[in-house]
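Chain by chain, the residues run as shown.
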There are 2 protein chains.
Amino acid sequence: MSVANDQSKAGSERIVISVDAMGGDRGPAAVVAGISMSAEENPQIGFVLHGPRDELEKLVAKRKALTGRVEIRDAKDTVLMTDKPSHVMRHGKETSMWSALESVRSGEADVCVSCGNTGALMALSMIRLRKLPGINRPAIAILWPSRNPQGFNVMLDVGADIRADEQDLLQYALMGASYARNGLQLERPRVGLLNVGTEEHKGRAELKAAHELMAATGPNANFEFVGFVEGGDIPGDVCDVIVTDGFTGNVALKTGEGTASLISELMKDSFMHSPLSKLAALLAYTSLRRLKKRMDPRRVNGGVFLGLNGTVVKSHGSADATGIAAAVKLAFQLSQTGFSQKLAARVASATAAAKNAGTDQAESSE
Amino acid sequence: MSVANDQSKAGSERIVISVDAMGGDRGPAAVVAGISMSAEENPQIGFVLHGPRDELEKLVAKRKALTGRVEIRDAKDTVLMTDKPSHVMRHGKETSMWSALESVRSGEADVCVSCGNTGALMALSMIRLRKLPGINRPAIAILWPSRNPQGFNVMLDVGADIRADEQDLLQYALMGASYARNGLQLERPRVGLLNVGTEEHKGRAELKAAHELMAATGPNANFEFVGFVEGGDIPGDVCDVIVTDGFTGNVALKTGEGTASLISELMKDSFMHSPLSKLAALLAYTSLRRLKKRMDPRRVNGGVFLGLNGTVVKSHGSADATGIAAAVKLAFQLSQTGFSQKLAARVASATAAAKNAGTDQAESSE
C-alpha cells in the first residue's frame, strides 16, 4: 500500500504505537505475535506495550524481530469483556487499557491499539483523552469492503452513541472525510448521508437539517457531499464515506457481517453436496481463496475512535496475530500522516467557521 | 412446500388473487407470463387482472394455462415509479393499482399483488383498505434467507413508516408472528427485538418499553419473545421474526442486499481471474447454481403489507415471470390459510386484552 502524500512525520524517525496487550479473546501471546509481524514488515515502528511485565517480557523475548523495539509498561489488571464501562471508569487505574491510553495522553504515542471491551475502551478514552474542542459525540469509524477503487468505504458512527443530531452528523462527516484522506489516501472524499430514500423530502427531521449543513460545509472542508444514500450504497461506489447515527450504523455493520457469514456457510454447504461438487471445490480452491482474502475482515481489522485528543484503534476482540498486525498497520499509517493533529485542526477550523457565520448573522441582523 | 395445517378455506374451492398488471419495470407481459406459470402449477388459483383491457386480453389469449382462469378489469391509467404517493391518492382512481385494491376492498379477493411504486401502493392501501382497528402504523414484512430450518426469517417494518413507538413495535410483533405462523408454518414463532446490544439496559427508551410489552404479551399471543437481538441475528437462528422500526429495517434490508450483491460480483471476478479459475468455475457450475438458487431474491419475492383490512403483496418492481409467480404463490398461501382474517382476529384480541388489563388495573387501584 502506498503511504500518504504528506510525509511531515515520516522519514527515518521511529513511530511509536501504544498497544494494550491484554483483554483480547486470545490473550497477550496473540498480541505479541501480531506486533512481531508488524515489526518484521516495517522497521520504522516502535511499541509501548502495556500489561503484566513478567508475562510480557517472556513473550517478547521469544521474538527476535522485537529486540530493542518494545518498551513494556507494567499494568497488573485487565479489563474483561464482561466488565461494565462504569465500573472500569471508577476502578480501572491499574489496567493495561488505562495505561495504553496514558501513552497517548502523555504524547509519547499518537495512536493506541486495543482489542479489549469496546464500551470500556470508549468510556476510558472519553475521560482520559477527552473530547476534541468542538466535538459533542465522538464516533467509531470502520472500513467496509466496497466497489470503489480504494477497495473500502468509511462508515461512521457504528456504535459509540445511539443518538446523533444534525450537528453531530456534520462532525461525523468532517471526521470521516479526514479519516478517508489519511487512511485511504483520497484527496477529496465523497460523503453520503444514510437515509431510507434518496429524495430530499424523505426521512427524519435531523437528517434533513444535516443534509443542509453538509451541503453548506463540504466546499470549504475539502469533501464532496453527494446527498442522501441508502443501505445498498454502503458497499457501493457512489460515495467513500457513509455518515449515520450509532444505532443505525451498528445494525447495518452487524447485518452486513451476518449476511456475509451466512453466504460463506452456504457456499461451503454447496461445495460439500456431492463427490463431484467436492472435486469442483478442490479445483476452485485458488479462486475461493482469492475471494475470501478480498472479504477477510482481518485485513481491515480496526474500528477507529474519532473526536478525541488522540486516536484509538479498536481491534476485534477475537483478532489473531494477522488481525493485530492489520490494526497496527492502520495505527502506523494514521500516526505517520499526523492524522490526530490534522483532524483536530479540521474540527477547530470548522468550529471557528460556524462561530464566525453565527457572528456574521448576528451582526447582519442588527 | 407443504401447505399450512389450517385448511378451512382450502379444498377444491377456487382462490382468487387480485393482480395489478401494470407499473412493474418489465410491463404487463412479464406479469401475465408470471400468473400463467402460477396457473399451470396450481389448478386452484383464479385471477382478477387489472389494466388496459385490450392489451391484457391479447396477452392472456396467448397463454393456454390462463383459459377460463382470468377476469380482466379495465383500468386505463398506470401508476409510474416516479409518481408521488400524494398525487396518486388524489388522481389515481383510474389506475390499475387502485382497481386491484378495490377487489380486496369489495371482498372478491383476500390478497392483492402489485409490482408498482411502493410508496403509492402503501398510500392507496391505507385510504382504500384502511387500517385494522387497533393498528396505528401498518408495516411491510419481508422474508430474509436465514440459518433456520424454514430457510427464512420474517423482518418488519422494512419501510412503511420511519417511526415506531413501543405500541407500534408490539403490534409488529403480533403481526409478524401471525405472518410466520401462516406464511412459514411455524406454530409458535420466536420473536426478537432489534437493538445494538443484547443487554437489557442498552438502546433507546422505546425499545426498553417495547421489551417489557412483548415479554408480557408473548405468552398469551402464541409467540415466544427471545428479547433483544442484533443485526447479525437477522439471517441467524436465534429467532424467526425480527421486529424494528421502518427506518432501521429499511437500512438493514438494503445493506444485506448490497452486501450479497457485492459478494456475488467479487465471486464472479475471482472465477474470471485466470484460465485455470475459469475451468474451476465450469466444474463448480452446479454448486454455484445451488448457492445462487438458495440466495435468489426471486424465490421470496414479496414484501407483505400488514395491518390493513386485507393483505397486499408488493412484488419487486423488476420482477420477471419467476418473481411474479413467487409473489402469487405467497399470496395464494396467505389467502388459503385465511391469513387476513386470522391477523385481524389476533390484533382485535390483543387490543381487547390491553383494554381489559387497563380496566383491571384501574379497578384494582381503586
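Scroll up for the structure.
Read on for an overview of the structure. (Residues numbered from 1 in each chain as written. Chains lettered and ligands numbered in written order. Predicted model: local features only at pLDDT ≥ 70, side-chain atom pairs only at ≥ 80, totals over all residues. Heavy atoms only, no water.)

1. Quick notes on a positive patch on the surface
All names here are of chain A.
Phase 1 of the analysis: A cluster of basic residues, Lys268, Arg289, Lys292 and Lys293, forms a positive patch at the surface.
Phase 2 of the analysis: Sorting elements by how many residues they give to the positive patch places helix α10 (residues 285-295) first, with three residues.
Phase 3 of the analysis: Counting through the fold element by element, lysine 292 comes out in helix α10.
Phase 4 of the analysis: Taking relative accessible area as the criterion, lysine 292 reaches 63% and is therefore assigned exposed. (Patch = residues over 30% accessible without salt bridge, like charges linked within 9 Å, V, L, I, M, F, W, Y side chains within 5 Å. Areas by Shrake-Rupley, 256 points an atom, 1.4 Å probe, with all protein chains shown as cover. Salt bridge = Lys/Arg side-chain N within 4 Å of Asp/Glu carboxyl O. Lys, Arg positive; Asp, Glu negative; His and termini not counted. Charge placed at Lys NZ, Arg CZ, Asp CG, Glu CD. Helix = DSSP H or I, 4+ residues; strand = E, 2+ residues; numbered from the N terminus. Buried < 20%, exposed > 50% of the residue type's maximum accessible area, 1.4 Å probe, protein only.)

2. Here we look at the environment of Gly218(A)
Phase 1 of the analysis: Along the chain, Gly218(A) falls in the loop between α7 (205-217) and β8 (224-229).
Phase 2 of the analysis: The sequence separation of Gly218(A) and Ala177(A) amounts to 41 residues, and the corresponding C-alpha distance is 9.7 Å.

3. Regarding the packing of aromatic side chains
Phase 1 of the analysis: On inspection of all chains with the given rule, the structure shows two aromatic pairs over all chains.
Phase 2 of the analysis: Between Tyr179(A) and Phe339(A) the ring centres are 6.0 Å apart and the planes differ by 45°, which places this aromatic pair in the tilted class. Residue Tyr179(A) is located in helix α6 (residues 166-183), and its partner Phe339(A) is located in helix α12 (residues 339-365); the two are separated by 160 residues in the primary sequence. Note on accessibility: Tyr179(A) and Phe339(A) belong to one class, buried.
Phase 3 of the analysis: Sitting over the ring of Phe247(B), Arg204(A) keeps its end group 4.0 Å from the ring centre. (Phe/Tyr/Trp six-rings, centres within 6.5 Å; stacked < 30°, edge-to-face > 60°. Lys NZ or Arg CZ within 6 Å of the ring centre and 35° of its normal.)

4. Overview of the interface of chain A and chain B
Phase 1 of the analysis: Taken together, the 48 residues of chain A in the interface contact 48 residues of chain B.
Phase 2 of the analysis: When the two sides are added together, the surface that chain A and chain B hide from each other amounts to roughly 4400 Å², 70% of it contributed by carbon and sulfur.
Phase 3 of the analysis: When the area that chain A buries against chain B is broken down by residue, the three leading residues are Arg147(A), Arg204(A) and Phe247(A), summing to 14%.
Phase 4 of the analysis: In this structure, the connection of chain A to chain B is made through six salt bridges.
Phase 5 of the analysis: Between chain A and chain B we count eight residue pairs in polar contact (both at pLDDT 80 or more) in total.
Phase 6 of the analysis: If you list the elements that add at least two residues to the side of chain A that touches chain B, you get β5 (139-145), α8 (246-271), α9 (275-283) and α10 of chain A.
Phase 7 of the analysis: The leading source of residues in the side of chain A that touches chain B is α8(A), at 20 residues. (Contact = heavy atoms within 4.5 Å. Buried area = accessible area lost by both parts, 1.4 Å probe. Polar contact = N/O pair within 3.5 Å; in protein donor to acceptor, adjacent residues only side chain to side chain.)

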